[in-house]
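Structural features, examined
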There are 2 protein chains.
Amino acid sequence: MQRYFVEPDLFSEDEISIVGDDVHHIVNVMRAKEGEEILVSNGAGRTALAKLVMLSSKEVKAQVLELLDEQCELPIRITIGQGLPKGEKMEWILQKGTELGAYSFFPFSSERTIVKLDAKKEAKKLERWRKIVKEAAEQSHRAVLPEILPPVSFREALKASNAYTRCAIAYEKEGGTTLHQVLDELQGDDTLLVLIGPEGGFSPEEVGIAESNGFLPISLGPRILRTETASQYVLACASYQFERKHAAAGTGGEA
Amino acid sequence: MQRYFVEPDLFSEDEISIVGDDVHHIVNVMRAKEGEEILVSNGAGRTALAKLVMLSSKEVKAQVLELLDEQCELPIRITIGQGLPKGEKMEWILQKGTELGAYSFFPFSSERTIVKLDAKKEAKKLERWRKIVKEAAEQSHRAVLPEILPPVSFREALKASNAYTRCAIAYEKEGGTTLHQVLDELQGDDTLLVLIGPEGGFSPEEVGIAESNGFLPISLGPRILRTETASQYVLACASYQFERKHAAAGTGGEA
């Protein structure tokens, strides 16, 4: 069944209002009619089965039939701090990270970042990135719409540490912490921030500064992972650690 | 340090001969000189530190300084049976699967496969795919060069089952097996084949046939994964399960 995200203020326990691009999708792409059912999430963990009761070119209204108790969110909330990669890799990271359960993302620039975003480019990118995350969240049946924060500097990224239960930085270091050690310490509702470097990773100086700011250098297994693969490794391992008993919703599908 | 793969017959305990594209890479791209050191793997698990002793436009010879005992291969050998996806997704699946430790790949066509490969297209694709896997294996410091088998039909794919310790098919099924149950049963040197459907997954009939051929339907967590994400989930979870005590070689890097 088709899924949509709406702003929390348009989502009540009895009626849901859908505006914007999704109206076009429901009316013109899906050619939906009154009486048909859809799934709607408020992006904050609530999902409802709803029946279309009014369709116009500007707005679609749906009556809530049932509030669903879906368990498809990672028990720990993982934020991916991603060093801006080259080309379109960021789009892949966001799409795959959303499928794999990331709670939020923030891109940052560090010593080895090549991409430079001016304010105008940044606004355009963010708009595109948010569209990609919304579509991936709908397709993978997320109840939470991952947030993408505006790109910050590495120094700014480090300041975020206080907001999380645990902060880590992906870096191979003799005697460094393993991902297991980090995940074993966490439990439901804990929050984890993992910083992943751009191509070329982090400089030893950057890792030193991160450590002095409370970030644990963590290794992501014995093989060198590219920057666009590291976040998927972290998220899949977290799913394996925390969703062991979970009955699966499916796999291999595509919207 | 730069890494290269050579055919096992060109790899001896004292001297290594490098031919083909890698000669151009060493001589013209890296501008390497006699006396410089490189890493060379035979693609079957043996890697050597070697010193360049002769460079020509046709061949490069290197003297083995030390046979390395690297532990960067997954203890269980995982073969990804991938339903041919649309566009360039297969290239991504091969590159990421190689980084994440896949032992081999075989593409197959099933009921919901859209891509059609004629013999000529297939040969070209295979050549390109093998190049992608070789580059990814060098970049991620693999000692084993994953093999890509020529595409087969779903029925042919099922016949492979006898060659593996355990065979699974990615499919959500009430009371189906979880990836944990499959991995918990395996140990070092075991082999695992996982079939992943193309976009749209497998039909219930296909899963039924697979089950009667000894394949376990396995779920890959609570979120719907796209076909190009499923293999990465399986491989990352296997790394998490079997490489727990492993000292990492690094992350976030890129060749």
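What comes next is a walk through the structure. If you're wondering where the values come from, they're calculated on a predicted model, not measured in any experiment. (Residues numbered from 1 in each chain as written. Chains lettered and ligands numbered in written order. Predicted model: local features only at pLDDT ≥ 70, side-chain atom pairs only at ≥ 80, totals over all residues. Heavy atoms only, no water.)

**Here we look at the side chain of Glu91(B)**
Residues and elements named next belong to chain B. To keep things clear, this is the line we draw: Secondary structure elements are taken from DSSP: a helix is a run of H or I of four residues or more, a strand is a run of E of two residues or more, and numbering for both begins at the N terminus. By the criterion applied in these results, polar contacts are pairs of N or O atoms within 3.5 Å in which, for protein atoms, one can donate a hydrogen and the other can accept it, and in which residues neighboring in sequence qualify only through two side-chain atoms. Contacts between residues were defined by any pair of non-hydrogen atoms, one from each residue, lying within 4.5 Å.
Along the chain, Glu91 turns up in helix H2 (residues 89-99). A polar side-chain atom of Glu91 sits 2.7 Å from a polar atom in the side chain of Arg128. Excluding residues within four positions of it along the chain, Glu91 makes contact with Arg128, Trp129 and Ile132.

**Considerations on the pairing of strand S12 (residues 191-196) of chain B**
All names here are of chain B. Threshold: Exposure is judged per residue with a 1.4 Å probe applied to protein chains only, and the accessible area is read against the type maximum: over 50% gives exposed, under 20% gives buried, and values in between give partly exposed. For two strands to be treated as a pair, DSSP must find at least two bridges joining them.
Burial analysis of S12 places 6 of its 6 residues in the buried class, the great majority of the element. Of the two faces of S12, the one lined by Thr191, Leu193 and Leu195 and the one lined by Leu192, Val194 and Ile196 are each fully buried. As paired elements, strand S6 (residues 77-83) and S12 share 6 bridges and run parallel to each other. Note that in S12 the partner of Arg77 across the bridge is Thr191. Pairing between strand S10 (residues 166-170) and S12: 4 bridges, direction parallel.

**Describing the packing of aromatic side chains**
Residues and elements named next belong to chain A. The cut-off we apply is this: In this analysis, rings of Phe, Tyr and Trp, with Trp reduced to its six-membered ring, are considered paired at centre separations within 6.5 Å, and the interplanar angle assigns stacked below 30 degrees, edge-to-face beyond 60, and tilted for intermediate values. By definition here, charges over rings are those cases where NZ of Lys or CZ of Arg is within 6 Å of the ring centre and within 35 degrees of the ring normal.
Under the defined criterion, the tally for this structure stands at 8 aromatic pairs over all chains. Seen from their ring centres, Phe154 and Phe202 are 5.6 Å apart, and the 45° between their planes marks the pair as tilted. Of this pair, Phe154 sits in helix H4 (residues 154-159) while Phe202 is found in the loop between strand S12 (191-196) and helix H6 (204-212), placing the two residues 48 residues apart along the sequence. In this structure Phe154 comes out as buried when scored by relative accessible area, which is 7%. Given a relative accessible area of 2%, Phe202 falls into the buried group. Feature note: the residues Phe108, Phe154 and Phe202 constitute an aromatic cluster, connected by ring pairs. Its end group placed over the ring of Tyr103, Arg77 keeps NZ or CZ at 5.3 Å from the ring centre. In this structure, Lys96 packs its charged tip against the face of Trp92, placed 4.8 Å from the ring centre.

**What about the relation of the copies chain B and chain A?**
Rules: Residues below a pLDDT of 70 in either copy are left out; the C-alpha atoms of the rest, at least 70 in both, set the least-squares superposition of the copies.
Mapping chain B onto chain A calls for a screw motion: a turn of 180° about the axis and a shift of 0.0 Å along it, with 0.0 Å RMSD after fitting. Here the copies are linked by what is in effect a two-fold axis. Scanning chain B for the C-alpha nearest the rotation axis identifies Cys237(B), at a separation of 2.7 Å. An overlap of 100% is found between the interface residues of chain B and their copies at the interface of chain A, pointing to a shared contact surface.

**As for the sheet that holds strand S1 (residues 3-5) of chain B**
Residues and elements named next belong to chain B. Heads up, the condition is: Helix axes are fitted to C-alpha atoms over the stretch in contact, other axes to C-alpha atoms as well, and angles between N-to-C directions run from 0 to 180 degrees.
Taken together, the 5 strands give an open sheet; going across it, the order is S1-S3-S4-S5-S2, and neighbouring strands pair in mixed fashion. At either margin of the open sheet sits one strand with a lone partner, and together these are S1 and strand S2 (15-19). Ignoring which end each strand starts from, the neighbouring axes of this sheet average 40° apart. When S1 meets strand S3 (residues 37-41), the two strands line up parallel, connected through 3 bridges. In the sheet register, Arg3 faces S3, and the bridge partner there is Leu39.

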